[in-house]
Amino acid sequence: MLDFKFDKAFYKEAELLKKCPVPRSTFHKWQNEWISKGKDPKLMGKILVKGTSTVFWNGPMYLNWLIKNKLVYEPKYDYEESDREKAFLVVEQLTKKKKVKTNEK
């Protein structure tokens, strides 16, 4: 469905919005909504750098958040919902494995 290639570990906001083309105003609106619900923007992929005002974004993490929280997908059949849930589990497992491999290096 979505074919995104992330070639860097972290992106500045403008770079991320070129990869995942969402209007800047919508991007900030979604952040504000997420925060107003009491949720941490780190769960969206936001990365703050100590001692600076620099903000980076984890592209794959943001994309997963976007798919789970903002894309409208109404499954037509029960098996489609099951497939969707399995796909999310696979993405989560791959993300965990990648983190483990990164930490081992």
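For the structure itself, consult the block above.
The shown structure was predicted, so the numbers you read here are calculated from the model rather than taken from an experiment. (Residues numbered from 1 in each chain as written. Predicted model: local features only at pLDDT ≥ 70, side-chain atom pairs only at ≥ 80, totals over all residues. Heavy atoms only, no water.)

A few words now on the overall build of the protein. When helices and strands are counted, the protein shows 4 helices and 2 strands. A buried classification covers 18% of the 105 residues belonging to the protein. Taking as baseline every contact in the protein between residues at least 6 positions apart, the subset at least 24 positions apart corresponds to 44%. Surface exposure of the protein reaches about 8200 Å², of which carbon and sulfur atoms provide 57%. (Helix = DSSP H or I, 4+ residues; strand = E, 2+ residues; numbered from the N terminus. Buried < 20%, exposed > 50% of the residue type's maximum accessible area, 1.4 Å probe, protein only. Contact = heavy atoms within 4.5 Å. Areas by Shrake-Rupley, 256 points an atom, 1.4 Å probe, with all protein chains shown as cover.)

Looking now at the nonpolar core. The biggest cluster of nonpolar side chains holds 14 residues, and the ones touching the most others in it are Leu16, Phe27, Tyr62 and Trp65. Of all the secondary structure elements, the ones that give two or more residues to this core are helix H1 (13-19), helix H2 (24-36) and helix H3 (59-69). The dominant element in this core, judged by the number of residues it contributes, is H3, at 4 residues. Those residues in contact with tryptophan 65, other than ones at most four positions away along the chain, are Trp30, Trp34, Leu43, Met44 and Lys70. (Core = buried A, V, L, I, M, F, W, Y, C linked by side-chain atoms within 4.5 Å.)

Turning to the pattern of salt bridges, a few remarks are in order. Overall, the coordinates contain 5 salt bridges when judged by the stated rule. For lysine 8, the salt bridge goes to glutamate 15, with nearest N and O atoms at 2.8 Å. Glutamate 15 sits in the partly exposed class, given a relative accessible area of 31%. Linking glutamate 33 and lysine 29 is a salt bridge whose minimum nitrogen-to-oxygen distance equals 4.0 Å. Residue glutamate 33 and its partner lysine 29 are both found in helix H2; the two are separated by 4 residues, about one turn of the helix. (Salt bridge = Lys/Arg side-chain N within 4 Å of Asp/Glu carboxyl O.)

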